[in-house]
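Descriptive structure summary
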There are 2 protein chains.
Amino acid sequence: MTEPADDPRRPGADAGSKTSLQRGIAILRAIAAHGGTGARLTDLARDLGMTPPTVHRLLKALVAEGMIDHDPQGKRYRLGLDLFVLAAQAGSCGTLRDMARPILLRLSATLRETVFLLVRNGFDAICLDRAEGPFPIRSFTGDIGGRVMLGIGQGSLTILAHLPEDEQQEVIRFNLPRMQGMGFLDEVYLRTAIAKVKAQGYSSQHSGLLPGMSGVAVPVFDRQGRAVAALSIGTPTDRLTDERLTVVVDILRREAAGISRQLNPFDPALSRSGVSGSIV
Amino acid sequence: MTEPADDPRRPGADAGSKTSLQRGIAILRAIAAHGGTGARLTDLARDLGMTPPTVHRLLKALVAEGMIDHDPQGKRYRLGLDLFVLAAQAGSCGTLRDMARPILLRLSATLRETVFLLVRNGFDAICLDRAEGPFPIRSFTGDIGGRVMLGIGQGSLTILAHLPEDEQQEVIRFNLPRMQGMGFLDEVYLRTAIAKVKAQGYSSQHSGLLPGMSGVAVPVFDRQGRAVAALSIGTPTDRLTDERLTVVVDILRREAAGISRQLNPFDPALSRSGVSGSIV
DNA sequence: TCAAAAAATTCCAACATACGGAATATCGAG
DNA sequence: CTCGATATTCCGTATGTTGGAATTTTTTGA
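Here the structure is a predicted model, which is why all the values come from computation and not from measurement. (Residues numbered from 1 in each chain as written. Chains lettered and ligands numbered in written order. Predicted model: local features only at pLDDT ≥ 70, side-chain atom pairs only at ≥ 80, totals over all residues. Heavy atoms only, no water.)

**Topic: the side chain of Asp82(B)**
- Position of Asp82(B) relative to the elements: it lies in helix α4 (residues 81–88).
- Note on Asp82(B): relative accessible area 16%, which makes it buried.
- In this view, Asp82(B) contacts Arg29(A), Asn121(A), Arg147(A), Glu65(B), Gly66(B) and Met67(B); residues no more than four positions away in its chain are not counted. (Helix = DSSP H or I, 4+ residues; strand = E, 2+ residues; numbered from the N terminus. Buried < 20%, exposed > 50% of the residue type's maximum accessible area, 1.4 Å probe, protein only. Contact = heavy atoms within 4.5 Å.)

**Describing unusual backbone geometry**
- Phi is positive for Arg112(A), which is not a glycine, with a value near 55°.
- On the secondary structure map, Arg112(A) appears in the loop between α5 (94–111) and β3 (114–121).

**Observations regarding the sheet that holds strand β3 (residues 76–79) of chain B**
Residue and element names in this part refer to chain B.
- A sheet is described by the order of its strands in space; here three strands give the open sequence β1-β3-β2, paired in antiparallel fashion. Every other strand in the sheet has two partners, leaving β1 (39–40) and β2 (68–70) as the edge strands with one partner each.
- The pairing of β1 with β3 spans two bridges and is classified as antiparallel. Pairing of arginine 40 across the sheet is with arginine 76, part of β3. (Pairing = 2+ DSSP bridges.)

**Some words on the environment of Asp98(B)**
- Structurally, Asp98(B) is set in helix α5 (residues 94–111).
- Residues Asp98(B) and Asp129(B) lie 31 residues apart in sequence; the distance between their C-alpha atoms is 9.5 Å.

**Here's the deal with the protein's contact with DNA strand C**
- In the vicinity of DNA strand C, 17 residues are found, and the nearest of them are Thr42(A), Tyr77(A), Arg23(B), Thr54(B) and Arg57(B).
- When atoms of DNA strand C within 4 Å of the protein are split into backbone and base, the sugar-phosphate part holds 80%.
- In this structure, a phosphate oxygen belonging to DNA strand C sits 3.4 Å away from a main-chain N or O atom of Ser20(A).
- Between a phosphate oxygen of DNA strand C and a main-chain N or O atom of Leu41(A), the distance comes to 3.3 Å.
- The class makeup of the residues in the surface near DNA strand C is four nonpolar, eight polar and five charged. (Near = heavy atom within 4 Å. Polar contact = N/O pair within 3.5 Å; in protein donor to acceptor, adjacent residues only side chain to side chain. Nonpolar A, V, L, I, M, F, W, Y, C, P; charged D, E, K, R; others polar.)

**Brief notes about helix α2 (residues 41–48) of chain A**
Residues and elements named next belong to chain A.
- For α2, every residue scored as buried is listed here: Leu41, Asp43, Leu44, Ala45 and Asp47.
- On its buried side, α2 packs onto α1 (20–33), α3 (52–64) and β2 (77–79).
- In the stretch just after α2, glycine 49 is the one whose phi turns positive, near 65°.

**A look at the packing of helix α2 (residues 41–48) of chain B against helix α3 (residues 52–64) of chain B**
All names here are of chain B.
- Interaxial distance between α2 and α3 falls to 9 Å at its minimum, and their mutual angle equals 115°. In terms of their interaxial angle, α2 and α3 are classed as roughly perpendicular. Where α2 crosses over α3, the handedness of that crossing is right-handed. When α2 is examined against α3, the residues Leu41, Leu44 and Ala45 are found in contact with a partner set consisting of Pro52, Val55, His56 and Leu59.
- Taken together, the residues that form the contact of α2 with α3 break down as six nonpolar, one polar and no charged. (Axes fitted to C-alpha atoms, helices over the stretch in contact; angles between N-to-C directions. Parallel < 35°, antiparallel > 145°, perpendicular 65-115°, else oblique. Left-handed = near helix turned anticlockwise from the far one by under 90°.)

**A few points about the protein's contact with DNA strand D**
- Within the structure, DNA strand D sits among 18 residues, and Arg23(A), Thr54(A), Arg57(A), Ser20(B) and Thr42(B) are positioned closest to it.
- When atoms of DNA strand D within 4 Å of the protein are split into backbone and base, the sugar-phosphate part holds 76%.
- Here a phosphate oxygen of DNA strand D sits 2.5 Å away from a polar atom, N or O, in the side chain of Thr54(A).
- In this structure, Tyr77(B) approaches DNA strand D through a side-chain N or O atom, which is 3.1 Å from a phosphate oxygen.
- Of all elements in the fold, only α1 and α3 of chain A together with α2 and α3 of chain B reach the threshold of two or more residues within the surface near DNA strand D.
- For the surface near DNA strand D, the per-class residue count stands at five nonpolar, eight polar and five charged.

**A short note on the pattern of salt bridges**
- Inspection of the entire model under this criterion finds 33 salt bridges over all chains.
- In this structure, Glu65(A) and Arg29(B) form a salt bridge, with 2.7 Å as the shortest nitrogen-oxygen distance. Of this pair, Glu65(A) sits in the loop between α3 and β1 (68–70) while Arg29(B) sits in helix α1 (residues 20–33), each in a different chain. Each member of the pair Glu65(A) and Arg29(B) is classed as buried.
- Arg101(A) is the partner of Asp129(A) in a salt bridge, and the nearest nitrogen-oxygen pair spans 3.1 Å. Taken together, the residues span a long stretch of sequence, with Asp129(A) in strand β4 (residues 124–131) and Arg101(A) in helix α5 at a distance of 28 residues.
- Residue classification places Asp129(A) among the buried residues on the basis of a relative accessible area of 2%.
- Residue class for Arg101(A) comes out partly exposed when judged on its relative accessible area of 22%.
- Residues joined by salt bridges that share partners form a network here, namely Arg29(A), Asp124(A), Arg147(A), Arg178(A), Glu65(B) and Asp82(B). (Salt bridge = Lys/Arg side-chain N within 4 Å of Asp/Glu carboxyl O.)

**Details of the confidence of the model for chain A**
Residue and element names in this part refer to chain A.
- Scored by pLDDT, chain A comes out at a mean of 78, with 78% of its residues at no less than 70.
- Strand β6 (residues 203–206) is the least confidently modelled element of chain A, averaging 79 in pLDDT, while helix α6 (residues 154–161) averages 94, the highest of any element.
- The low-confidence segment residues 1–16, where pLDDT is below 50, has eight contacts with residues more than four positions distant or belonging to other chains. (pLDDT = per-residue confidence, 0-100.)

**Things to note about α1(B)**
All names here are of chain B.
- Taking 1.5 Å of rise per residue, 14 residues should cover 20 Å, and α1 covers 20 Å from first to last C-alpha, within 8% of that figure.
- The element α1 is extensively covered by neighbouring structure, given that 11 of its 14 residues are classed as buried.
- Listed as buried for α1 are Leu21, Gln22, Gly24, Ile25, Ala26, Ile27, Leu28, Arg29, Ala30, Ile31 and Ala32. (Expected span 1.5 Å × (residues − 1).)

Shown next, in the form of structure tokens:
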């Protein structure tokens, strides 16, 4: 009580969580961070610096809402289906995602590659959607909902490169320290890459993240001309000849332009029925 | 206050949300129900029977957590990216979904149809994942996260048919009233369909939901032999000859069995890294 | 198998914080 | 510019939240 939560432990927890609603959300996050195994009450309490009774009560509320599932035997808590349902309809970019989906499918069919749609979110990029290519060789990274620092990976790098100067600086300043462990990413390297992408208008490179894999990405602009998203493909490096690169970039550019054109962020006409669709 | 009373939403939700955490979640749901347009504060207050100040404060907390985005100009609130990210890792079935994904992809490639993975959730079934078929003709219903009553649609019907007798009764009793508006679904019809599915071990029929579309579905059992999910395809009716139906059912059955075999709900070994993956 | 330890859950009084009416600021239309 | 509607802030009150302690349940170890 008297101790003002000094955010003692794990990073990722906000320093000053105050409202109980925020505490509840912190619990959701902690459970998500725990992975598919599920989290135990005590672990959550320790990780979040809350007392077991508090965690228990919040958990109970979350379970009642279906946001969490509770194994009665295993004593483990995991993210629940209702959360999944809820987020399927999220969010501010719901329209972007809905709109881009057929395009992703078409692209993956045409290019026979896995296609990603990334959007910017603060200092990160988030994988909003992906459409699998037909080949068994494909990256299992970049899961939907996955998050990477702006600057890591081609799609992410493309967004960063096309940001306004000042925002770009801010992001770099913020992200560089976070890139410590990655080794090969120093400031010079990053700025060189950005300059190149900005000049080309697209990004293409062996990913560096996955041996043998390459990525190609182009920016998606909103109606105000801001780079809000990126369209990218992941492919084995040896499948990406210079000739093919030209073709791929061309196609990606065309589709990205199509998305931009449809991207009217405040057009209510874009609103889909939204709620649960019927299933075959 | 008073009693906004009838919230004919879903069964698990208590009419009287009590904790502020639950109120916050109710707000998330209300925003989701509002669709991509976004919801205004007053609407939310009215819909939920809360006062504007309360809604405002809760919204502020949710925005602070990134669960909601707030258009400063438009005064509209929409589901935020963080919610999307969170749920991408949900949930209790995260393992099921992760595990089933390659199977879905393989199926959609083999059958050249759109494949759905449905799981039971109370009185409903939820579309956990889908893999698009290569043909332009495809159903746009059954979006990921979409929800249907148990009994509507082939996948959903299959799950219902394979439920234990008592649970089945309970679901039917609960759902029949909800099916009022659907006209062609009376109790006799439903029970006949269930009996047939149970006898066959699979479900196949023109959907009735979409003209010209048919569905084929087989149940997925967990290790305790309970029907927890269904694997289904949606296809134009005229593409589904009797001969092809046999083949399709056979393949679906084989894959469903594969899923069942891997479905060890308490095997920690199944836990994936879970957290953000790197993106190409 | 049983006992001891750990975890989960319940209880409850003190208290913090969430609530909502009212006031104020802001937006939008006429 | 004025008016009505909506969003936001304020603040006293009471309700919901909190955490220590007690109780129950599960896990661990012998």
